[in-house]
2 protein chains.
Amino acid sequence: MSTAPARRGRPGYDLESLLQVAVKLFNERGYDGTSMEDLSRKLGITKSAIYHHVPSKEELLRLAVDRALDGLFEVADETTALEGPAIDRLTHLVRGSVLVLADRLPFVTLLLRVRGNTKIERAALARRREFDHLVADLVKQAESEGDVRPDLDPAVAARLLFGTVNSLIEWYRPRRDSPAEDLADAVCKMAFEGLRA
Amino acid sequence: MSTAPARRGRPGYDLESLLQVAVKLFNERGYDGTSMEDLSRKLGITKSAIYHHVPSKEELLRLAVDRALDGLFEVADETTALEGPAIDRLTHLVRGSVLVLADRLPFVTLLLRVRGNTKIERAALARRREFDHLVADLVKQAESEGDVRPDLDPAVAARLLFGTVNSLIEWYRPRRDSPAEDLADAVCKMAFEGLRA
């Protein structure tokens, strides 16, 4: 007889692995376009087995977007606690955000596609706006300290900066592409120093 | 009696205005999530009135993504016909792409969300890849001419460059924000010279 413990209850899935499959499916088909029925088929378990772990589809969405937002706000909090010129804090924020994005790619992808149809989505959008304000404030402060080109509108520059960061979800694949640290270097070089030699 | 010509047939919509409403709806609900029934409700005309203008939903998608792609390839063709250093041609391509994006925003938005589930979507993705190859080739050539930082992987630089351009669809609103020409200036400054003063 095998010495492995008998598998009882719901084999193969805990909340974490269930969440990962759910996020992959939401990203492929859209959150609105994915039912708990679809998820149960994909997992090969019953809907009631899913409900054993999580009360609703909305709760899966909340866990997923919070995974992304919590990572981004950890970096934001580090940034706020730093001393020194705003341009250095901004660089820290960009670099850290790229690393969070690379580490939590499916979660950040889902977050960036949220459109705000439910309470959870609106809450996620509100946290995104809070993050964007921090970026815009840092760019403004760096410009007032003389470290950002004065011929760029700080609000537009802030949007372009995180437009570049967020665009990574469209193509970056951690196993195929360069390591996240190299990617973060490339984004910082390009964003702060520009492409031109 | 009014001297205005009697309105006959399908009032209010020609193919162009129908296409614009369809694209708006596709962007709001997703192409897959929008039925001809939804479109007919939105337009306030019957489905057969829609079919008078266009044979299928797929054909609306094709017209829409081609509107975006034709604009981008006009700029690409101009770029290819230019003489001079690759960095100048690349700048022309970036600037021109921003202007097309601003001018045809809903169409480019739809194009960038295409995921490739149908023949028309796969054809659109193939044209996007062709465009991306042109960008990557120009960056490589500019680097070999000494005009792009040698410490950036040209393939990564090309992706970041158009990641920045494409991210405009997430926030740029022509009526609210700065004119497209100013936006194109900002993108070129930021991408080629960087944020840092």
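In this text the structure is predicted, and so the values were computed from the model without any measurement. (Residues numbered from 1 in each chain as written. Chains lettered and ligands numbered in written order. Predicted model: local features only at pLDDT ≥ 70, side-chain atom pairs only at ≥ 80, totals over all residues. Heavy atoms only, no water.)

**Describing the overall build of chain A**
Heads up, the rule is: Each helix is a run of H or I in the DSSP string that is no shorter than four residues. Each strand is a run of E no shorter than two, and both are numbered from the N terminus. With a 1.4 Å probe rolled over the protein chains alone, any residue whose accessible area is under 20% of its type maximum counts as buried; one over 50% counts as exposed, and the rest are partly exposed. The contact definition used throughout considers only heavy atoms, calling two residues in contact when any of these lie within 4.5 Å. Surface accessibility follows the Shrake-Rupley procedure with a 1.4 Å probe radius. Residue values consider only the protein chains on display as shielding. Two residue types count as positive, namely Lys and Arg, and two as negative, namely Asp and Glu; His and chain ends fall outside the count. Charged groups are reduced to one reference atom each: NZ for lysine, CZ for arginine, CG for aspartic acid, CD for glutamic acid.
Within chain A, the regular secondary structure consists of nine helices and zero strands. What you see in chain A, going N to C, is helices and strands ordered as α-α-α-α-α-α-α-α-α. Dimensions along the principal axes, computed over C-alpha positions, put chain A at roughly 70 × 40 × 30 Å. The buried share of chain A, taken over its 197 residues, is 46%. A sequence separation of at least 24 residues applies to 67% of the contacts in chain A between residues at least 6 apart. Carbon and sulfur atoms make up 51% of the accessible area of chain A, which amounts to about 9900 Å² in all. Side-chain charges in chain A split into 29 positive and 31 negative, and the spacing between the mean points of these groups amounts to 9 Å.

**Concerning the domain arrangement of chain A**
It is common to give the size of an interface as the accessible area lost on bringing the parts into contact. Residue and element names in this part refer to chain A. Filter applied, for reference: Domain segmentation is taken from an automatic or database assignment of domains. Joining two parts hides part of their accessible area as seen by a 1.4 Å probe, and the buried area is that hidden amount summed over both. Note on definitions: salt bridges are taken to be side-chain nitrogens of Lys or Arg within 4 Å of carboxyl oxygens of Asp or Glu.
Examined at the domain level, chain A breaks down into domain 1 (11-55) and domain 2 (63-193). The distance between the C-alpha centroids of domain 1 and domain 2 comes to 29 Å. Summing both partners gives a buried area of about 800 Å² for domain 1 against domain 2, and 64% of it is carried by carbon and sulfur. Taken as a group, Leu19, Val23 and Asn27 account for 55% of the area that domain 1 buries against domain 2, more than any other trio of residues on that side. Remark: the boundary between domain 1 and domain 2 carries one salt bridge.

**Looking at the packing of helix α4 (residues 57-81) of chain A against helix α7 (residues 119-144) of chain A**
All names here are of chain A. Inclusion rule: A fitted line through C-alpha atoms serves as each axis, taken over the contacting stretch for helices, and the angle formed by two N-to-C directions is quoted from 0 to 180°. What sets the label is the angle itself: under 35 degrees gives roughly parallel, over 145 gives roughly antiparallel, 65 to 115 gives roughly perpendicular, and the rest give oblique. The handedness criterion is simple: a crossing whose near helix is rotated anticlockwise from the far helix by less than a right angle is left-handed, and one whose near helix is rotated clockwise is right-handed. Note on residue categories: nonpolar means Ala, Val, Leu, Ile, Met, Phe, Trp, Tyr, Cys or Pro, charged means Asp, Glu, Lys or Arg, and polar means any other residue, Gly included.
For the pair α4 and α7, the least separation of the axes is 10 Å and the interaxial angle reads 15 degrees. In terms of their interaxial angle, α4 and α7 are classed as roughly parallel. At the point where α4 passes α7, the crossing takes the left-handed sense. Taken together, the residues of α7 that come into contact with α4 (itself represented by Glu58, Leu61, Arg62, Val65, Asp66, Leu69, Asp70, Leu72, Phe73, Ala76, Thr79 and Thr80) are Ile120, Glu121, Ala124, Arg127, Arg128, Glu130, Phe131, Leu134 and Leu138. Here the contact of α4 with α7 is built from residues that sort into eleven nonpolar, two polar and eight charged.

**Things to note about the interface of chain A and chain B**
In plain terms, the rule: Here a polar contact is recorded for every N or O atom pair within 3.5 Å, except that within protein the pair must consist of a potential hydrogen donor and a potential acceptor, and residues adjacent in sequence are included only if both atoms are side-chain atoms.
Counting residues at the interface gives 34 residues for chain A, matched by 34 residues for chain B. Buried surface at the junction of chain A and chain B, both sides included, amounts to about 3400 Å², of which 62% is carbon and sulfur. The largest share of the area that chain A buries against chain B comes from Leu160(A), Leu195(A) and Arg196(A), three residues that together contribute 23% of it. Joining chain A to chain B, the criterion identifies six salt bridges. Counting across the interface, chain A meets chain B through 15 residue pairs in polar contact (both at pLDDT 80 or more). Going through the elements one at a time, α5 (86-103), α8 (154-166) and α9 (180-193) of chain A are the ones with two or more residues in the side of chain A that touches chain B. Broken down by element, the residue count for the side of chain A that touches chain B peaks at eight residues, all from α9(A). In the side of chain A that touches chain B, the residues fall into 18 nonpolar, six polar and ten charged.

**Comments concerning the UniProt feature "domain: HTH tetR-type" (unreviewed entry) in chain A**
Stated precisely, the cut-off is as follows: UniProt positions are given in the numbering used here, feature names are shortened, and annotations may be inferred rather than shown by experiment.
Here the UniProt-annotated "domain: HTH tetR-type" (unreviewed entry) positions come out as residues 12-72 of chain A. Along residues 12-72 of chain A one finds 75% helix and 0% strand; the C-alpha atoms at either end are 30 Å apart.

**Overview of the packing of aromatic side chains**
Condition: Classification of ring pairs uses Phe, Tyr and Trp, with its six-membered ring standing for Trp, and accepts pairs whose centres are within 6.5 Å; under 30 degrees between planes counts as stacked, over 60 as edge-to-face, and the remaining range as tilted. Think of it as a cone above the ring: NZ of Lys or CZ of Arg counts as a charge over the ring if it is within 6 Å of the ring centre and within 35 degrees of the ring normal.
Across all of its chains, the model carries eight aromatic pairs over all chains by this definition. Their ring planes at 85 degrees and their centres at 5.0 Å tell us that Phe26(B) and Tyr31(B) sit as a pair that is edge-to-face. Per residue, the accessibility class of Phe26(B) equals that of Tyr31(B), and both read buried. An aromatic cluster of three or more residues is present, and its members are Phe73(A), Phe131(A) and Phe162(A). Above the plane of the ring of Tyr31(A) lies Lys57(A), whose end atom (NZ or CZ) is 4.2 Å from the centre. Over the ring of Phe107(B) we find Arg67(B), and its NZ or CZ is 4.9 Å from the ring centre.

**Section: the relation of the copies chain A and chain B**
What counts here: For the least-squares superposition of copies, only C-alpha atoms count, and only for residues with pLDDT at least 70 in both.
The two copies are related by a screw operation: chain A maps onto chain B through 180 degrees of rotation and 0.0 Å of translation along the axis, at an RMSD of 0.0 Å. Seen this way, the second copy is the image of the first under a two-fold rotation axis. By C-alpha distance to the rotation axis, the residue of chain A lying nearest is Gly194(A), at 1.8 Å. Most of the interface of chain A is mirrored in chain B, where 100% of its interface residues are also at the interface.

**Thoughts on helix α6 (residues 105-113) of chain A**
All names here are of chain A. With seven of nine residues buried, α6 is to be regarded as a mostly interior element. Residues of α6 that are buried: Leu105, Phe107, Val108, Thr109, Leu110, Leu111 and Leu112. Those residues of α6 that are buried are in contact with α1 (15-29), α4, α5, α7 and α8.

**Some points on the packing of helix α4 (residues 57-81) of chain B against helix α6 (residues 105-113) of chain B**
Residues and elements named next belong to chain B. At their nearest, the axes of α4 and α6 sit 8 Å apart, and the two run at 105 degrees to each other. Classed by the angle they form, the pair α4 and α6 counts as roughly perpendicular. Contact with α4, carried on its side by Leu61, Ala64, Val65, Arg67, Ala68, Leu69 and Leu72, involves Phe107, Val108, Leu110 and Leu111 of α6 and no other residues of that element. Split into classes, the residues belonging to the contact of α4 with α6 amount to ten nonpolar, no polar and one charged.

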